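The chain contents come next:
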Amino acid sequence: MRPVTRLHSRTAVLADENIDTDRIIPARFLTTTERAGLGKLCFNDWRYQTDGSDNPAFPLNQPKAKGCSILVAGRNFGCGSSREHAPWALLDYGIHAVLCSEIADIFRNNALKNGLLAIVLDEAEHRWLLANPGIELTIDVREQVIALPDGGHIRFQLEPFARHCLLNGVDQLGYLQQHNDAITAYEQRVEIAA
Amino acid sequence: MTAKTLFEKVWEAHVVAPESTDTPAVLYIDLHLVHEVTSPQAFSELRERGLKLRRPDRTLATLDHSTPTLPADASGERPYANAEAKAQVAQLETNCREFGVDLHGWDSADRGIVHVIGPELGATQPGMTIVCGDSHTSTHGAFGALSFGIGTTEVGHVMATQCLLQRKPKTLAIHVDGKLPSGVGAKDLILHIIGEIGVDGGTGYVIEYRGNAIEALSMEERMTVCNMSIEAGARAGLIAPDDTTFAWLKGRPRLPQGAAWEAAVANWRSLRTDAGATYDREVHIDASKVRPTVTYGTHPGMAIAMDKPVPAARNAVEKRALDYMKAEAGKPMQGTPVDVVFVGSCTNSRLSDLREAAHVLRGRRVADGVRMLVVPGSEAVRRDAENEGLHHVFTAAGAEWRVPGCSMCIAMNGDLAQPGQLVVSTSNRNFEGRQGKGARTVLASPATAAASAVAGRIADPREYMTEVAA
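Every value quoted in this text rests on a predicted model; they were computed, and no experiment measured them.

Visitor: An account of the overall build of chain B is requested, with residue identities and associated values reported.
Guide: Summing up its helical and strand segments, chain B has 15 helices and 19 strands in all. Scaling as 2.2 N^0.38, a compact globule of 470 residues should have a C-alpha radius of gyration of about 23 Å, and chain B matches this with 21 Å. With the C-alpha coordinates of chain B rotated into their principal frame, the extents come out at 60 × 60 × 50 Å. For chain B, with 470 residues in total, the buried portion stands at 60%.

Spelled out as structure tokens, the structure:
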């Protein structure tokens, strides 16, 4: 994973609560065996009309949302299926951060492992961001702070290990493999006891 | 000694390296279940890094999500939804051969939905940690195993190291006491619970279901309850193993036999929450208040007794959900016309579920204009059901009897509903488009699904519990 230290962008807003991973990428597209190229399918059934043209009612199709890489989403974003295709699709579509007052556990884990900033905010700040689409934010992962255009800022918490991995581009599988001796010792202890 | 919850006991027994402020715990995984949809990129990762799969003996694979539920033709060709689905299945076959994984594939007498075959084979055991790239892994918690869904990156971690990096979740006790009324089952109960605590009521928690109503459930009913923990946002749901558990498991292929079995059971009996142990949160549910329950919106938290009026939308999102469902606030869901009925999925495709549906259907007919699919959870369920003649009950009623798989629960194998159609489904998710673009899903028990198929409208199964002569 490449290090992720800062992200600067205008925000786009999808205010619906409980946007599930089926909505982020419908299951019928999960027959792929690749990670790449899923951006064109992101929010497929919401984003396109039946004839394949853009649905003008989909908020991210509006001109002012173009190029926004920070998504402010309604509460409980990413609920449902564990498919990692959801963060893969969002990243490929150009979304690099999701700000929300609550993010589903499996989605949040999957997102952070792919460098997608899944950031939980308190409800008042979240409400304010939902009500003010299109503002320019700078997310600073090291300082755990979001800078607002008026000079104000929002603090946020990231799980310390996830933050460390984001900042340093840590390969988590490599980190786990460093525990190989402890894993072997655990297996011997447990399997002899059994 | 400090009093511990069931969750803490299982967690602590699997810590390879403890968590600290800076780092999560390294948690050992006893059983890794694998299917064709969420594994190919993980196998590719191993290949790119030149890694082996650490414990093929702790890995079990099957084909379920992308697989057709119509049989192969005379030449052996299976009717896949598309070439990509066929290639995905072939990829898992190749990957399992290359990495030495036991695959319960097309030629296996045990193939089926991953969460149905794990318990059937006795691979699922009390006190284990079990993961799968599938959020309904919570099903296995019915046996007192800490079981949860993971993403594909983590699938790769488990393949390479048999471990995961995990922060300890919080604990939520859901006490269910009292007696479920006659004709009301585990599916009604879990829909009722999710309706009470909300679609995100369990986020950040592992649920332990307890109380005399839970103890009274069969293993298959417990699996239905734990299966849907994720629909309240909880990655895992647990039930303490007891004599019901041990009786269900005894003699299954992957379990120890003889003296080793007795020793295992003695050990498993300690897997209970100690008196005095505390949870982060507790909720109480009165089982006697549960009625046949269905969903009326576009997430499983929008659930209500079918005879109660649908509540008014409190905001734009709820209004959109009611509009999508064509549900009317103030009117009950009971009586809503039905187009399709689906009995199946890891929630409700086991033998007892099929018996429940067949009990309603025996001697009756699926209403004109309604299509009904019955998809057993595994080849073993299919064999058992056919030995009892249940398939004849379904086909005589006008339902389709299919080959095991996930089918219309996730609708990625070609089994799907058309835009606007209303599906009464025994599956677990009623998200927009989940069963086909524009399809409307009402989650329900197998009995409610069957009764609704007969009535052509959402119907109370208690009116169909008396058998009619076949």
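Visitor: Tell me about the overall build of chain A, and please be specific about residues and values.
Guide: Counting its secondary structure elements, chain A contains eight helices and seven strands. Expressed along its principal axes, the backbone C-alpha trace of chain A runs to roughly 60 × 45 × 25 Å. The buried share of chain A, taken over its 194 residues, is 46%. Considering only residue pairs separated by 6 or more positions, chain A has 66% of its internal contacts joining residues 24 or more positions apart.

Visitor: Residues and numbers for helix H3 (residues 85-93) of chain A, please.
Guide: Residue and element names in this part refer to chain A. The buried count for H3 comes to seven of nine residues, which makes it a mostly enclosed element. Among all positions in H3, only His85, Ala86, Pro87, Trp88, Ala89, Leu90 and Tyr93 are buried. Residues of H3 that are buried make contact with helix H1 (21-24) and helix H4 (105-113). Once H3 finishes, Gly94 follows within two positions and takes phi at roughly 110°, a positive value.

Visitor: Can you break down the sheet that holds strand E18 (residues 422-425) of chain B residue by residue, with the values?
Guide: All names here are of chain B. In space, the five strands of this open sheet follow the order E17-E16-E15-E18-E19, with parallel pairing throughout. Edge strands, defined here as strands with exactly one partner in the open sheet, are strand E17 (400-401) and strand E19 (440-443). As paired strands, strand E15 (residues 340-343) and E18 are joined by three bridges and run parallel to one another. Bridge pairing in E18 places Phe342 opposite Ser425.

The rules behind each value
Residues numbered from 1 in each chain as written. Chains lettered and ligands numbered in written order. Predicted model: local features only at pLDDT ≥ 70, side-chain atom pairs only at ≥ 80, totals over all residues. Helix = DSSP H or I, 4+ residues; strand = E, 2+ residues; numbered from the N terminus. Rg over C-alpha atoms; globule rule 2.2 N^0.38 Å. Buried ≥ 20, exposed ≤ 12 C-beta atoms within 10 Å, placed from the backbone. Contact = placed C-beta atoms within 7 Å. Pairing = 2+ DSSP bridges.

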